[in-house]
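An overview of the molecular structure
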Amino acid sequence: MKLGRLAVLLYAIPLLASDPPAKKPLTPEVAITMRSQADLHFSPDGRRAVAVVGEPLAGTTRKRHIWMLDVETRKLRQFTFSEKSDSSPRWSPDGRTLAFLSNRSDQSQIYLLSMDGGEAYAITEGKRSVQGFEWSPDGRQIAFIAPDPKGDDEEKKEKDKDDARVIDKDDKPAGVWIFDMESRKTRRVIQRPWRVTELAWLPSNDHLIVVAEEHPDREEEVPRIYNASLSDGKMAQLAAPAGPFHGVKVSPDGKWIAYIGCRVDGPSPHDLYALPASGGQPTNLTSESIDRLIGNFAWTGNDGITATIEDGFHSRMFRVSLDGKATAMPPVPVNPRGFDVARNGTLVFSGSSSTQPEELWLAAPGAAPAKVSEFNKSWDAVQLIKPEVFRYRSFDGAEIEAALLLPAGYDGHSRLPLITLVHGGPTGLWSDSIQNWAQILAGHGYAVMCPNIRGSLGYGQKFMEMNRADWGGGDFKDVMAGIDALVARGVADPDRLGIGGWSYGGYMAEWAITQTNRFKAAISGAGMADLISEFGTETSPSYDAWFFGQPYEKPEGFLHSSPLMYMKNARTPTLILQGENDTTDPLGQSQQLYRALKHYGVRAELVQYPREPHGPQEEKHNIDILKRIVAWYDEYLKAPAASAAGQ
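Just so it is clear, the model here is predicted, and its values are computed rather than measured.

1. Description of the confidence of the model for the protein
- Per-residue confidence for the protein averages 93 on the pLDDT scale, and 96% of its residues sit at or above 70.
- Contacts from residues 1–17, a stretch scored under 50 in pLDDT, to residues over four places away or in other chains number two contacts.
- Note on residues 641–647: pLDDT under 50 across the span, and ten contacts to partners over four residues away in sequence or across chains.

2. Focus on the sheet that holds strand β19 (residues 256–261)
- Reading across the sheet, the four strands line up as β18-β19-β20-β21 and stay open at both edges, with antiparallel pairing between neighbours. Two strands close off the open sheet at either side, each with one partner strand: β18 (246–250) and β21 (283–284).
- The pairing of β19 with strand β20 (residues 271–276) spans six bridges and is antiparallel. Across the sheet, Y259 pairs through a bridge with Y273, a residue of β20.

3. A word on the packing of helix α4 (residues 436–443) against helix α12 (residues 619–637)
- Relative to each other, α4 and α12 sit at 45°, their axes nearing to 10 Å. Judged by the inter-axis angle, α4 sits oblique to α12. Where α4 crosses over α12, the handedness of that crossing is right-handed. Seen from α4, the contacting residues are W437, I440 and L441; seen from α12, they are L626, I629, V630 and Y633.

4. A look at helix α11 (residues 587–599)
- Here α11 is 13 residues long and its end C-alpha atoms lie 19 Å apart, about the 18 Å a rise of 1.5 Å per residue gives.
- The set of residues buried in α11 consists of L587, Q589, S590, L593, A596 and L597.
- Looking at the buried residues of α11, the elements they touch are α7 (504–515), β36 (519–525), α8 (531–537), β37 (574–579) and β38 (604–609).

5. Things to note about the packing of aromatic side chains
- In this structure the tally under the stated criterion is 24 aromatic pairs.
- Considering the side-chain rings of W194 and Y226, the 5.0 Å spacing of their centres and the 80° angle between planes classify their relative orientation as edge-to-face. Of this pair, W194 sits in the loop between β13 (186–190) and β14 (195–201) while Y226 sits in strand β16 (residues 224–229); the two residues are 32 residues apart in sequence, bridging distant segments of the chain. No difference in accessibility class separates W194 from Y226, as the two residues are buried.
- Judged by centre distance (4.9 Å) and plane angle (85°), the rings of W546 and F547 are edge-to-face.
- Put simply, the rings of W471, Y504, Y507, W511, F535, Y543, W546, F547, F548, Y552, F558 and Y566 touch in pairs and so form one group of aromatic residues.
- In this structure, R128 packs its charged tip against the face of W177, placed 4.5 Å from the ring centre.

About the thresholds
- Residues numbered from 1 in each chain as written.
- Predicted model: local features only at pLDDT ≥ 70, side-chain atom pairs only at ≥ 80, totals over all residues.
- Heavy atoms only, no water.
- pLDDT = per-residue confidence, 0-100.
- Contact = heavy atoms within 4.5 Å.
- Pairing = 2+ DSSP bridges.
- Helix = DSSP H or I, 4+ residues; strand = E, 2+ residues; numbered from the N terminus.
- Axes fitted to C-alpha atoms, helices over the stretch in contact; angles between N-to-C directions.
- Parallel < 35°, antiparallel > 145°, perpendicular 65-115°, else oblique.
- Left-handed = near helix turned anticlockwise from the far one by under 90°.
- Expected span 1.5 Å × (residues − 1).
- Buried < 20%, exposed > 50% of the residue type's maximum accessible area, 1.4 Å probe, protein only.
- Phe/Tyr/Trp six-rings, centres within 6.5 Å; stacked < 30°, edge-to-face > 60°.
- Lys NZ or Arg CZ within 6 Å of the ring centre and 35° of its normal.

The following block contains the structure:
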C-alpha cells in the first residue's frame, strides 16, 4: 500500500520519539552534580547498611546525609534530613540505635537515632566540634575525640574582638572523652598535652587503642600508638611507626591492631601492618605479597583482612591473612572504593569508572555484585569518554602509564591540540574515575593526557620513592616523554601543547614553563613557586621534609626544585587559580608566581577565590574554575599557534 506524505510523517513520529536522546558532553554545571557515597557500615545482623551520601554542590556547601539500604529487598531510603550535614554513622552493638555526627547546631556533635522511630537528639554539647567517636563493644559507652569547649571568657573576647592568640600555647589539642549511656554524663580521660587523632576500643570495654602525640607543639613530633586506660588515663606506648600512618582498627578478638603505614619512613602510608595488641614488633603484611597502595580495609574474622588496593589506574580487592598471604578477590564491574563486609560475607561497596559515576553495589557470598543505587542516574545523559590507557618508556627506560582521552568522533588521523594534566601529590595518582578537567576538555575537542609519572601511587613502593629530592627532574622528563610519544603517534600537534594541574600538578605546570617554551598555555591551580617559603608557611611541612630535608640545613634541594629560580626563562601564558584560605599550598605561592611572570612581561592572570581552602568547596567557584580552564586553553591552543607564541 502506498502511503501519502502526511501518513508517512504520522507513522514516523512515534519512531523518532522512541529514540534515546543524544548524550551531551560534560559541562561545568553538570560536573558539580556528582553525588558521592562513603563510610559504609552494615548493621550487626547484616540486614541493613548505611552510607553517607554527598549531595551536589549548592551555594557554599556540599550537604551530606545518611541513607539506609535494606539488604534483602535492596531498597534504599534517605535516613537523615538535616538542613546541614550528617556523617560518620556508627551502629550500636545491638543494632537498635544509630549514632552519627551532625553540624545542625553549627558545631559537630554526636546524635542518636533509634531504629524504633523518633527524632535524633544530641548527646554532646559545647562550643567545640567532635572529630570522631566509637561505641564500646558492650554498647554502654561512647568514646569521642574533641578539644576542650570554649569558655565564657573566650567567647567574650571573640565577641569583643579581643582575640589575640599565642600559637601553640593557646591551641586546644583534641583529647578523649567518654559518654556513659546510662548516666548520660561525660568525662574526660585523655587531656592536654596529648593530641589524639584516632581511637578504637578493646573488647574489655575499659581500654582504648589511640593514636596520639604527646608534644604536639614540637615541630618534629610524630604520633604513636598507645593503650589508654579509662580508669586513670594512663598511656602505654605500643608502637612508634616510622613515618605517617592511619586507619587503626582492632581485630574482633582484641589480639591484633591493623593500620596502614610506611614501609620505611615515608613519604605516604602504603602498606598494611598488623601489631600485637600487647605490644611488640609490627608485621608488614603486604610489602611482598602485593606491593601496592592499600586504600581501605576491614577485619573479616580474627585472622583475616579484606582490603582495596590501587593498582595503576584501577582498584581491586584482596583478602590478606596475618601470615602475609594475599588472595585476589573476584573482579567487579567497577573500581571499588569504600566498602564493608557483613559477618555472613555479604559485601557492600561504592564504585565507579571513567564512564560510570559512583554508585552502591551489593554482593552476597558467591554471587556477582549488583548495583543497588541510582544516585547519579542523571549522568546517563552525559557523553563520557573512555580513556585509552597506554604505556611508554621515559628517558631512563622506566615504564610510565598514562590515560589518553580523545574527542568523541575523532577521525584517528588528524593532529589535535594536546593538554597534559598532572595529578596532585606528588604521591597521588590518576585513576579510572570521572576526571572533570579531562572529560570537559576532551568534550571541547582536545586530546588530554593524564600520566602517572614517577612518584605516583599504585605502582609499588620503589616507584613512589623515585622522585625523592628530584621534583622537576625525572618526573618532568616523564611528562615530556609522554608528550613526545603522542607526537610520534600522530595524535598531538607539537605546536599546540598545553599543561595544567592542581597542587603538585600546579607546581609541575609552573616548572614546565620555566624549563621549555614548547607549551603555548599553562594553568597552575594552588601550585608551589618557592619551596622554601612553602615549607615555612604550610600546615604540614614534614611531608616536604621527607623529600628534601630541612631548608635551614639543606636549602640547595629546595632552591634547585623551585620554579621561582628559573622565571627568567618563562614565556608561556599562564592562568593561576588559588583559594585565599589555602593552608596546604598558601596564597603567597601563587602571588609570587604572578609577580615574577609580570616582571618578565609574560601574560598571566591570577584568580583568587575568597574563603576557599586547598580544594574549592563552593558551587559558583567550582563552575568558574572549570569555565576559565576551557577559555584559557581555547584562547591559546585553538587559535593559530603563531598568535600565541611569545605572548
